[in-house]
Every structure is written in C-alpha cells, then in structure tokens.
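Descriptive analysis of the structure
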Amino acid sequence: MNLAVGQKPRHPLLVSGSVMVASLLYSIDWTIAAVALPHMQGTFSATHDQVAWVITSYIVASAIMIPTSGWLSTRYGRKRVFVCAVAGFTIASVFCGAANSLTVEVLARIAQGMSGAFLIPLSLAIILDTFPPEQHAKAMSYWGIGSVCGAVMGPTLGGYLTEYLSWRYIFYINVPFGLVALIGVVLFLPETARDKTKKLDWFGFLTLAIGIGALQMKLDRGQRLDRFESGEIIFDASLAAISLYMFNMHVMTHREPFLDPRLFVQRNFFIAMVLISFYGLLTVPPMVMMPAFLEQIRGFSIDTVGLLQSPRGVGILLALFITGRISNRVDPRWMILFGLLCLGVSTGAMAFWNINVDTWSIVWTGFIQGIGAGVILVPVQMVAFSQLQRLQRNEGTAVFNLVRTMFS
C-alpha cells in the first residue's frame, strides 16, 4: 500500500493491531527468560552469575537504545525504523533459540534488546497519530494490552514452554507473531516526514548511553556482588553519576541537544514522569518475582503457578477495558488515585506474607494489583501527551518509556 508521507492510515484498526502485537513481543521477552535460566544454565554449563547475563544484556541494550528512537524516526522515517526493529527482533529471536553457547546467546539477546527498544515508544507514538484526540483514551487502553500484559504473561508462558517443550521455544514463539506484525506494519502503516538534515548529538547520546548502561548494570548486578562492597559496583555507580551529570550539563547548554529539555518544562509531562516512575517501581517487581516464589518456595507446579498468576492478567485487562471507555468522562486524577490505592492495599497485604500464605490471598492480591496497574496506565499517558505537539511525540514517547523502563 503506497501512502503519502504523513497521511492518516486507511485502516487504523489494522495498524493498531500490528503495533500491539509488536509491543506484546517486546514486553513478553522482558520477563519470559527469567524462569528458563536454570535450564539454560545446564545447557551452557554456566554459573548462576554467568547465565544472568541473558537477562542483564537484554535490559541494558534496551535501555541504551530507547532514547534514540525519536532521532531515528525524525531522520529516517518512523515506518522504516519500526519495520527494521520488528525484523531485527524476529531474526534475533531465532539466534537466541538456536544458540549453542552462552556467548552467542548473550550477543543475540543484545541484538534483540537493541531492536526491541524501539517497539514500545514508537508503537505508542503511532497510536497517538493514528486516532483523533477524542479516541486516544480508548486506543491507548487497547495498546496497553500489548505493552503491559506481555510482562504479566512472560514468566507463566516461559514456564509452560520450558516445562513441556524446551527453553529454546521461549524465543522461537516470537517468530510467527513477529512475521504477522511485520506484514501488518509494511502493508498498513504510512510513513512520516523525514528531516535528512537532522544530525545526531553524539556527545549527548554517548554520555546518556554510558550513564544508563552503567546504572542498569549497577542495579542488576548489585545484589549478586554485595552492593558497594564490590569494586565493580563502585565503578558502575561512579561512571553512571559522572556520565549523567555530563549529559545534563550538555543538554542545558547545547543548541540542538540529543533530548529536548523543554519536554520537562511542560508541567503535565513532568508530573506524568513522576507517576510512571512509581508505576514501574510498584507493578513490575511482583510480576517478575511471583512465579519464582510460587514455584521454588511454595512448591506449586508450573501449571498451578500459571493459574495463580492469571487473576493479575484478568485484572489488568478488565481495568484497561473500563478505563478506555470512561477516561473522557472521569477526571484522570481520581483514576490515578484509585489505582494507587489498589496497589497500596495489595502490596501492603503481601508485606505480611510468609511461606504458608494461602491460595486465596495470592489470588485476590494479584487481581487487585492488576486492577491498579491497568487503571493507572491510561490516565497517566493522557496526562503526559495532552500538551505535546505532534512533532514532539516521537521524542516524548521515547523519554516516557525510558523512565518507565529504568524504574521497572
């Protein structure tokens, strides 16, 4: 389908469906490998610390590349970047599944993370440009199914595939869905206007990339290396502090910085950054830790773990569906407050758990957490992008998802 640059898509539902599948793939792979690590450790004859690089490499590569999505879209066109990202993610998934050594596996995960980093921010920008403002709430609620539910589904789906097939299928399963997303994007997504004169602020990019990478390494490996008792962690923390300080000073003084600091001057966008930070801190850890707790400490089978995790997914889907329909009629502040109360009540109850926690407590806290996570996401995004100009959306969505990723 040949569409003029910047033209509205003729099939908005097919466009949104394609980008939702792509964002679902990325968010699933953010957590799916966690439960397969013991099996991968045996295959590669690796230590626990070595095999952990399968997770670390993906997260660090993603975090470093997310901020570049705005510049790449402006320079080369959003459709071109998104198509390359989906194709790269799908190809990297094949290499992840076929890897015969830990070195190859980590390199493939780095490629997967670098490609997938563009899928969430660009898919959100595409959704915002595809639908008129009065339909943004409903569209973002459906998009949230892919960007959020994937992380919920990841550990459970990974457990099933690893238990009944092989850990390699947690990556092979990406291929058919990646092809579907790729075909849909190629056929139905229009290209955006390009600015071939747009230059990359290399100093800003490198200082931000080094700062984010070092900070993620410090956070991810700190608990295994005894925090600041380790020389590596001290080095990572120092490098992150120096690099991020240099980036901030450069952004404030450079004429055309890598990221536009004027984004944070806008009150709504800044407030949304604070809220999405809390969202990442409160919602992602239970999604990642709960399957391991249920299987390794409580002793449930992988089938039962999947069933016990399902109320969280049901809660998120229900909340996203409802908020998409009422967001235009209810003050977003009340929805955000309700979502935070749900997260507070459920996590407060979990704080008193012990190894003998009963099944009902696991079910209702998971469901309430899902409700809270789903209720918060749409109004926070509406607040974030309500005052941004169309030309700021690529960069705005990149910054928004970078903050969410870092705090998650």
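These figures come from a predicted structure and were not determined experimentally.

1. What to know about the layout of surface pockets
Empty space left among the atoms is revealed by rolling a probe the size of a water molecule over them. Considered as a void within the structure, the largest pocket measures approximately 1,000 Å³ in volume. Along the wall of the largest pocket there are 31 residues; nearest its centre are Ile 55, Ile 59, Asp 220, Gln 223 and Val 288. Looking at which element gives the most residues to the lining of the largest pocket, the answer is helix α15 (residues 267-297), with eight residues.

2. Observations regarding the environment of Gly 372
Within the secondary structure, Gly 372 sits in helix α18 (residues 359-385). Given the relative accessible area of 0%, Gly 372 is considered buried. For the pair Gly 372 and Val 251, spaced 121 residues apart in sequence, the C-alpha to C-alpha distance is 35 Å. Excluding residues within four positions of it along the chain, Gly 372 makes contact with Gly 339, Cys 342 and Leu 343.

3. Section: the packing of α15 against α18
For the pair α15 and α18, the least separation of the axes is 10 Å and the interaxial angle reads 155°. Of the possible angle classes, the one that applies to α15 and α18 is roughly antiparallel. With respect to the hand of their crossing, α15 and α18 are arranged in left-handed fashion. Residues Asn 268, Phe 269, Ala 272, Leu 275, Ile 276, Tyr 279, Thr 283, Pro 286 and Leu 294 of α15 form the contact with α18, whose participating residues are Ile 362, Gln 369, Ala 373, Ile 376, Leu 377, Val 380, Val 383, Ala 384 and Phe 385.

4. Some points on helix α2 (residues 37-44)
Residues Leu 37, Met 40 and Phe 44 constitute the buried set of α2. Along the axis of α2, the buried positions cluster into a sector of 60°, meaning they face one direction only. On its buried side, α2 packs onto α3 (48-51), α4 (53-65), α7 (102-116) and α10 (169-172). Looking one or two residues beyond α2, the residue adopting positive phi is Ser 45, at roughly 50°.

5. As for the nonpolar core
One finds Tyr 26, Met 40, Phe 82, Leu 119, Phe 269, Phe 385 and Phe 400 to be the most contacted residues of the largest nonpolar core, which totals 93 residues. Leaving out residues up to four positions away in the same chain, Tyr 26 has contacts with Tyr 58, Ser 62, Ile 66, Phe 89, Gly 116, Ala 117, Leu 119 and Ile 120. Residues Met 290, Phe 300, Val 305 and Leu 308 belong to the second largest nonpolar core, which totals 10 residues.

6. Digging into the packing of aromatic side chains
Per the stated rule, a full pass over the model turns up three aromatic pairs. Each ring, one from Phe 44 and one from Trp 167, has its centre 5.5 Å from the other, and the planes form 65°; the classification is edge-to-face. Taken together, the positions of Phe 44 in helix α2 and Trp 167 in the loop between α9 (136-164) and α10 put the pair 123 residues apart, joining distant regions of the chain. Judged by relative accessible area, Phe 44 falls into the buried class, the value being 12%. Ring geometry for Tyr 169 and Tyr 172: centres 5.6 Å apart, planes at 85°, overall edge-to-face. Residue Tyr 169 and its partner Tyr 172 are located together in helix α10, separated by three residues, close to a single helical turn. Accessibility expressed as a relative area gives 27% for Tyr 172, which makes it partly exposed. By the ring-pair criterion, three or more aromatic residues cluster together here, those being Phe 44, Trp 167 and Phe 171.

7. As for α15
Helix length check: α15, at 31 residues, gives a terminal C-alpha distance of 45 Å against a target of 45 Å (1.5 Å per residue), a fit within 8%. Its axis deflected by about 35° at Met 289, α15 carries its strongest bend there, up to four residues before the proline Pro 291. Just beyond α15, the residue with positive phi is Gly 299, at close to 85°.

8. Quick notes on the packing of helix α6 (residues 78-98) against helix α11 (residues 174-188)
Contact geometry of α6 with α11 gives a least axis separation of 9 Å together with a crossing angle of 165°. When the interaxial angle is binned, α6 and α11 end up roughly antiparallel. Viewed along their axes, α6 and α11 form a crossing whose handedness is left-handed. Mapping the contact onto sequence places Lys 79, Phe 82, Val 83, Val 86, Ala 87, Phe 89, Thr 90, Ser 93 and Val 94 in α6 and Asn 174, Val 175, Gly 178, Ala 181, Leu 182, Val 185 and Val 186 in α11. Its residues placed into classes, the contact of α6 with α11 shows 11 nonpolar, four polar and one charged.

Analysis parameters
Residues numbered from 1 in each chain as written. Predicted model: local features only at pLDDT ≥ 70, side-chain atom pairs only at ≥ 80, totals over all residues. Heavy atoms only, no water. 1 Å grid on protein atoms, 1.4 Å probe; cavity = no way out; pocket = protein on both sides within 12 Å on 5 of 7 lines; lining within 4 Å. Points joined across faces, edges and corners; volume = space filled by probe spheres on them. Helix = DSSP H or I, 4+ residues; strand = E, 2+ residues; numbered from the N terminus. Buried < 20%, exposed > 50% of the residue type's maximum accessible area, 1.4 Å probe, protein only. Contact = heavy atoms within 4.5 Å. Axes fitted to C-alpha atoms, helices over the stretch in contact; angles between N-to-C directions. Parallel < 35°, antiparallel > 145°, perpendicular 65-115°, else oblique. Left-handed = near helix turned anticlockwise from the far one by under 90°. Arc of directions from axis to C-beta. Core = buried A, V, L, I, M, F, W, Y, C linked by side-chain atoms within 4.5 Å. Phe/Tyr/Trp six-rings, centres within 6.5 Å; stacked < 30°, edge-to-face > 60°. Expected span 1.5 Å × (residues − 1). Bend = angle between axes of the 7 residues up to and from the residue. Nonpolar A, V, L, I, M, F, W, Y, C, P; charged D, E, K, R; others polar.

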